[in-house]
Amino acid sequence: MAKHEGEIASSALVTNRTRGKKIRQVKTDFSGGKVIILGSVLPILLVIVWEILSRMGVFPAYQLPAPTTIIETIREMAQDGTLWTHIGVTTFRVFAGFALGTIVAIILGSFVGFYKKAEQIFDPMIQAFRSIPSLAWVPLFILWMGIGEPSKITMIAVGVFFPVYLNIVSGIMGVDRKLIEVGKMYGLNTFHLIRKVILPASLPSFLVGLRSGLGLGWMFVVAAELMGASQGLGYLLVLGQNTLSPEIIIASIILFAIIGKLSDWVLKLVEKRTLQWQDSLIKS
Amino acid sequence: MSLELRNISRSFDGKQAVSNISFSAQPGEIIGILGTSGCGKSTLLRAISGLDSSYNGEIAINGNTTKEIRDTTGFIFQESRLFPWLTVLDNITFGLKGNKQDKIIRAKQYLEHVGLKECGELYPRQLSGGMAQRVAIARALVTSPEILLLDEPFSALDAFTKMQLQDLLLNIWKTYQSTIILVTHDIDEAIYLCNRIIILRGQPGKIDKEIEIKEPHPRDRGSKQLVEYKAKILDSLDLNKPSVKTS
Ligand SMILES: Nc1ncnc2c1ncn2[C@@H]1O[C@H](COP(=O)(O)OP(=O)(O)O)[C@@H](O)[C@H]1O
Ligand SMILES: [Mg+2]
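This structure is a prediction, so every number in the text was calculated from the model and none was measured.

**Some thoughts on the pairing of strand β7 (residues 179–184) of chain B**
Residues and elements named next belong to chain B.
Okay, step 1: Among the six residues of β7, six are classified as buried, and the element is accordingly described as predominantly covered.
Okay, step 2: Because side chains alternate across β7, one face comprises the buried residues Thr179, Ile181 and Val183, and the other comprises Ile180, Leu182 and Thr184, equally buried.
Okay, step 3: For strand β3 (residues 30–34) and β7, the ladder comprises five bridges, and the chain directions are parallel. From the neighbouring strand, Ile33 faces β7, where its bridge partner is Val183.
Okay, step 4: Here strand β6 (residues 147–151) runs beside β7; their pairing, made up of five bridges, is parallel. Bridge assignment links Ile147 to a residue of β7, and that residue is Thr179.
Okay, step 5: In this region the chain leaves β6, passes through helix α5 (residues 159–176) and returns to the parallel neighbour β7; the handedness of that crossover is right-handed.

**With respect to the nonpolar core**
Okay, step 1: Judged by nonpolar contacts, the single largest core of 87 residues is most densely connected at A:Val197, B:Leu3, B:Phe23, B:Leu44, B:Ile59 and B:Ile181.
Okay, step 2: Beyond its immediate sequence surroundings of up to four residues, B:Ile59 is in contact with B:Leu3, B:Glu4, B:Leu5, B:Ile8, B:Ala47, B:Ile48, B:Asn64, B:Thr65 and B:Arg70.
Okay, step 3: In terms of nonpolar packing, the next biggest core, distinct from the first, is built from 52 residues, B:Ala138, B:Leu148, B:Ile172 and B:Tyr229 among them.

**A few points about the pairing of β6(B)**
Residue and element names in this part refer to chain B.
Okay, step 1: In terms of residue burial, β6 counts as a mostly covered element, since five of its five residues are buried.
Okay, step 2: Side-chain alternation along β6 places Ile147, Leu149 and Asp151 on one buried face and Leu148 and Leu150 on a second face that is also buried.
Okay, step 3: Where strand β5 (residues 73–76) meets β6, four bridges bridge the pair, whose relative direction is parallel. Directly across from Ile76, in β6, lies its bridge partner Leu150.

**What about the domain arrangement of chain B?**
Residues and elements named next belong to chain B.
Okay, step 1: Under the domain assignment, chain B is made up of domain 1 (28–52 + 66–72 + 146–247) and domain 2 (82–144).
Okay, step 2: The straight-line distance from the C-alpha centre of domain 1 to that of domain 2 is 25 Å.
Okay, step 3: The partner domain 2 presents 11 residues to the 12 residues of domain 1 that form the contact.
Okay, step 4: Roughly 1,100 Å² of surface becomes buried between domain 1 and domain 2 when both sides are summed, with 68% attributable to carbon and sulfur atoms.
Okay, step 5: Linking domain 1 with domain 2 are zero salt bridges, by the criterion used here.
Okay, step 6: Inspection of the region where domain 1 meets domain 2 yields three residue pairs in polar contact (both at pLDDT 80 or more).
Okay, step 7: Considering each element in turn, the side of domain 1 that touches domain 2 owes the most residues, seven residues, to α5.
Okay, step 8: Of the residues assigned to the side of domain 1 that touches domain 2, the class counts are eight nonpolar, three polar and one charged.

**Some remarks on the site of ligand 1**
Residues and elements named next belong to chain B.
Okay, step 1: The local shell around ligand 1 consists of Phe12, Lys15, Ala17, Thr36, Ser37, Gly38, Cys39, Gly40, Lys41, Ser42 and Thr43.
Okay, step 2: Here an oxygen atom of ligand 1 and a backbone polar atom of Cys39 are 3.3 Å apart.
Okay, step 3: Within the side chain of Ser42, one N or O atom sits 2.6 Å away from an oxygen atom of ligand 1.
Okay, step 4: When ligand 1 is considered free in solution it has 550 Å² of accessible area, and contact with the protein chains removes 59% of it.
Okay, step 5: Those elements that place two or more of their residues in the shell around ligand 1 are β2 (15–25) and α1 (41–49).
Okay, step 6: In terms of residues, the shell around ligand 1 owes the most to one element, α1, which gives three residues.
Okay, step 7: Per-class residue counts for the shell around ligand 1 are three nonpolar, six polar and two charged.

**Brief notes about the confidence of the model for chain B**
Detailed reading of predicted coordinates is not advised where the pLDDT is low.
Okay, step 1: Put simply, chain B has an average pLDDT of 91, and 96% of its residues get 70 or more.
Okay, step 2: Across the interface, the model reports ipTM at 0.89; the global pTM reads 0.80.

**Brief notes about the UniProt feature "transmembrane region" (unreviewed entry) in chain A**
Okay, step 1: The UniProt record marks residues 35–53, 94–115, 127–147, 153–176 and 244–263 of chain A with the feature "transmembrane region" (unreviewed entry), using the residue numbering of this structure.
Okay, step 2: Summarising residues 94–115 of chain A: 95% helix, 0% strand, and an end-to-end C-alpha distance of 31 Å.

**Structural notes on the UniProt feature "domain: ABC transporter" (unreviewed entry) in chain B**
Okay, step 1: Those places that UniProt annotates as "domain: ABC transporter" (unreviewed entry) correspond, in this numbering, to residues 3–227 of chain B.
Okay, step 2: As annotated, residues 3–227 of chain B comprises 32% helix and 27% strand, and the C-alpha atoms at either end are separated by 29 Å.

**Observations regarding the UniProt feature "domain: ABC transmembrane type-1" (unreviewed entry) in chain A**
Okay, step 1: With numbering aligned to this structure, UniProt lists the feature "domain: ABC transmembrane type-1" (unreviewed entry) at residues 83–267 of chain A.
Okay, step 2: The annotated region residues 83–267 of chain A carries 85% helix and 0% strand content, and the separation between its end C-alpha atoms amounts to 24 Å.

**Section: α1(B)**
All names here are of chain B.
Okay, step 1: Among the nine residues in α1, seven count as buried, and that is most of the element.
Okay, step 2: Residues of α1 that are buried include every one of Lys41, Thr43, Leu44, Leu45, Ala47, Ile48 and Ser49, and no others.
Okay, step 3: Directly after α1, the chain includes Gly50, whose backbone phi takes a positive value near 95°.

**Thoughts on the environment of A:Ser110**
All names here are of chain A.
Okay, step 1: Within the fold, Ser110 resides in helix α3 (residues 82–114).
Okay, step 2: Along the primary structure Ser110 and Ser205 are separated by 95 residues, whereas in three dimensions their C-alpha atoms are 13 Å apart.
Okay, step 3: In contact with Ser110, other than residues within four places in its own chain, are Ala105, Ile168 and Ile172.

**So, the environment of B:Ser178**
Residues and elements named next belong to chain B.
Okay, step 1: Summarising the element assignment, Ser178 is placed in the loop between α5 and β7.
Okay, step 2: Remark: the alpha-carbon pair of Ser178 and Ile147, spanning 31 residues in sequence, is separated by 5.6 Å.
Okay, step 3: With residues up to four places along the chain from it excluded, the contact list for Ser178 reads Gly28, Glu29, Pro145, Glu146 and Trp173.

**What to know about the side chain of A:His86**
Okay, step 1: Following the sequence through the fold, A:His86 ends up in helix α3.
Okay, step 2: Those residues in contact with A:His86 that lie beyond four places of it in its chain are A:Gln231, A:Gly232, A:Leu233, A:Tyr235 and A:Leu236.

**Thoughts on the packing of aromatic side chains**
Okay, step 1: This model, assessed by the stated rule, comprises 13 aromatic pairs over all chains.
Okay, step 2: Ring geometry for A:Phe111 versus A:Tyr115: centroids 5.9 Å apart, planes at 45°, classification tilted.
Okay, step 3: The class of A:Phe111 is partly exposed, set by a relative accessible area of 42%.
Okay, step 4: Under the relative-accessibility criterion, A:Tyr115 is labelled partly exposed at 46%.
Okay, step 5: Between A:Phe141 and A:Trp144 the ring centres are 6.2 Å apart and the planes differ by 45°, which places this aromatic pair in the tilted class. Of the two residues, A:Phe141 and A:Trp144 are both situated in helix α5 (residues 138–145); the distance of three residues between them amounts to about one turn of the helix.
Okay, step 6: Taken together, the aromatic side chains of A:Tyr186, A:Trp277, B:Phe83, B:Trp85 and B:Phe94 make up a single cluster linked through ring pairs.
Okay, step 7: Between A:Lys196 and the ring centre of B:Phe94, over which it is positioned, the NZ or CZ distance is 4.8 Å.
Okay, step 8: The lysine or arginine in question, B:Arg221, covers the ring of B:Tyr192, its NZ or CZ lying 3.8 Å from the ring centre.

What counts and what doesn't
The residue numbering used here restarts from 1 in each chain and proceeds along that chain's sequence as written. Starting at A for chains and at 1 for ligands, labels are handed out in the order in which the entities are written. Since the coordinates come from a predicted model, pLDDT governs what is reported: local features require at least 70, and pairs of side-chain atoms require 80 or more to be given and counted, while whole-chain, interface and lining totals use all residues. In computing side-chain properties, one takes all heavy atoms of the structure into account and sets aside hydrogens as well as water. Accessibility here uses a 1.4 Å probe with only protein chains present; expressed as a share of the type maximum, an area under 20% marks a residue as buried, one over 50% as exposed, and anything in between as partly exposed. Each helix corresponds to a stretch of at least 4 residues labelled H or I by DSSP, and each strand to a stretch of at least 2 residues labelled E; elements are numbered beginning at the N terminus. The rule for pairing is simple: two strands pair if DSSP sees at least two bridges between them. If you view a crossover with the strands going away from you and the path from the first strand over the helix to the second runs clockwise, you call it right-handed. We call a set of buried Ala, Val, Leu, Ile, Met, Phe, Trp, Tyr and Cys residues a nonpolar core when their side-chain atoms join them within 4.5 Å. We call two residues in contact when some of their heavy atoms are within 4.5 Å. Where each domain starts and ends comes from a domain assignment, either automatic or drawn from a database. When two components associate, each loses some accessible surface as probed by a 1.4 Å sphere; the sum of these losses over both components is called the buried area. Counted as salt bridges are all cases of a side-chain nitrogen of Lys or Arg within 4 Å of a carboxyl oxygen of Asp or Glu. Think of a polar contact as two N or O atoms within 3.5 Å of one another; within protein, one of them needs to be a possible hydrogen donor and the other a possible acceptor, and neighboring residues in sequence only count if both atoms come from side chains. Each residue gets one label: Ala, Val, Leu, Ile, Met, Phe, Trp, Tyr, Cys and Pro are nonpolar, Asp, Glu, Lys and Arg are charged, and the others, such as Gly, are polar. Note on definitions. A residue lies near a molecule or strand when any single heavy atom of the residue is within 4 Å of it. For every accessible area listed, the method is Shrake-Rupley and the probe measures 1.4 Å; residues are considered covered only by the protein chains on display. For every residue, the predictor states its confidence as a pLDDT score lying anywhere from 0 to 100. UniProt positions are given in the numbering used here, feature names are shortened, and annotations may be inferred rather than shown by experiment. Two rings belonging to Phe, Tyr or Trp (six-membered ring only in the last case) form a pair when the distance between their centres is within 6.5 Å. Interplanar angles under 30 degrees mark stacking, angles over 60 mark edge-to-face geometry, and anything in between is tilted. Two thresholds decide whether a charge sits over a ring: the Lys NZ or Arg CZ must be within 6 Å of the ring centre and within 35 degrees of the ring normal.

The following block contains the structure:
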């Protein structure tokens, strides 16, 4: 057994190294806190200057209201409950569209990824559709489905579909043939090969697709709600424009930013948990 | 478990990679397939494994000539080919069937066997090349294959690790007595490990010579006998004369 000692020593070295990495990571987290503080100095300064200039009347209130006015607007909406309905409605639309787009993308993407025939049949058409700017569909969807929820959700689903689909296909096609061979050596049938090798191997790519799909979902919900809605954050944008109240518009923009970031953060967390085996994620 | 190859040929796009290979292996024998790069060693091994079925000729394993992957055959590749999303332990249990608890017990046993008892929870990215190859060995052995196919399994490792793993392989072979087909381009490795060395030459690769190494295991790497065998092999490969091109 003495012969293995070198190897075992080197294994100890590796664990030491990972431990060292962890310590360093704590350090970078710490300096990460510093970075956050450093990064927020400028925005805070700007907001203060903005507040002061607004109070001095340099920015006319009907064009750029003071930050406190905007916060007050949000607070009022929160108090009378409308804020939660708007946020709820918009979030529901995004998630419904996101779910629909993702499901269709998974089905089509898996087919195209797994079967050469399906690729030859579907992929050229999907690529052609991809070259259409998705917002161009809006009038058609409204014509077909009216101005209610279906057209909005379809709209968002179209936006979500493409990044998810493309990443699934490239993920599946990019699975290392060598790993598939290992699976075959263990006598896995096609179904088990997919479940135990191809799916886990293409998961990172799929999650990348989900995140960019969600980002597009938030973008498209704005477009969909601008087209006509009686509720939702996008409706607040229109409302603010029509009632000449920039504070409502800016409040809506801020809320979009917060919720969008929050939902991305959730996905990022999921990604981190499921992909802890990956090299790159440990580093970042 | 007996293995017999009868007139195996394999072409890729009309170009022959190996031609007319026949040999047989006795149960428990270690056979080395030695040859320069590109002479069809991997092609031959993939045919035996069943990963490739587009060859001509017959491969009989215990008299059975079906061209398919059998669960009595294990394959160790040049790269460890561990699944990066599974821990070391899960990688080893990957090919096992049955009760989860039993699988883990069995995997741990083999992990200890390859000297990595403490590493079950690590992910492949945390392993050195030598450790990863040890895990690959454990993964291939845990299903108790009767025939073990190895395709240049140690060629990417440093000289010391390589020697350790060669000894590990011998230990395992002594315990389980599987039939081993070892593809290599390392003459020392072949001489140290094999009972019989089949030398492939040319393109398409053909059997040039079979050399039996009668030294009992364990062998002394520097012994006079092994050096003589080496000279013999170098001669037959025309590599022993400086004037001849070696590429
Ligand atoms: N999948 C393949 N497609 C086309 N040619 C191949 C393929 N696999 C191997 N070959 C050819 O067969 C010959 C032998 O290859 P290989 O068995 O990998 O050699 P070795 O393992 O001895 O280095 C080479 O000329 C190689 O180009
Ligand atoms: Mg090869």
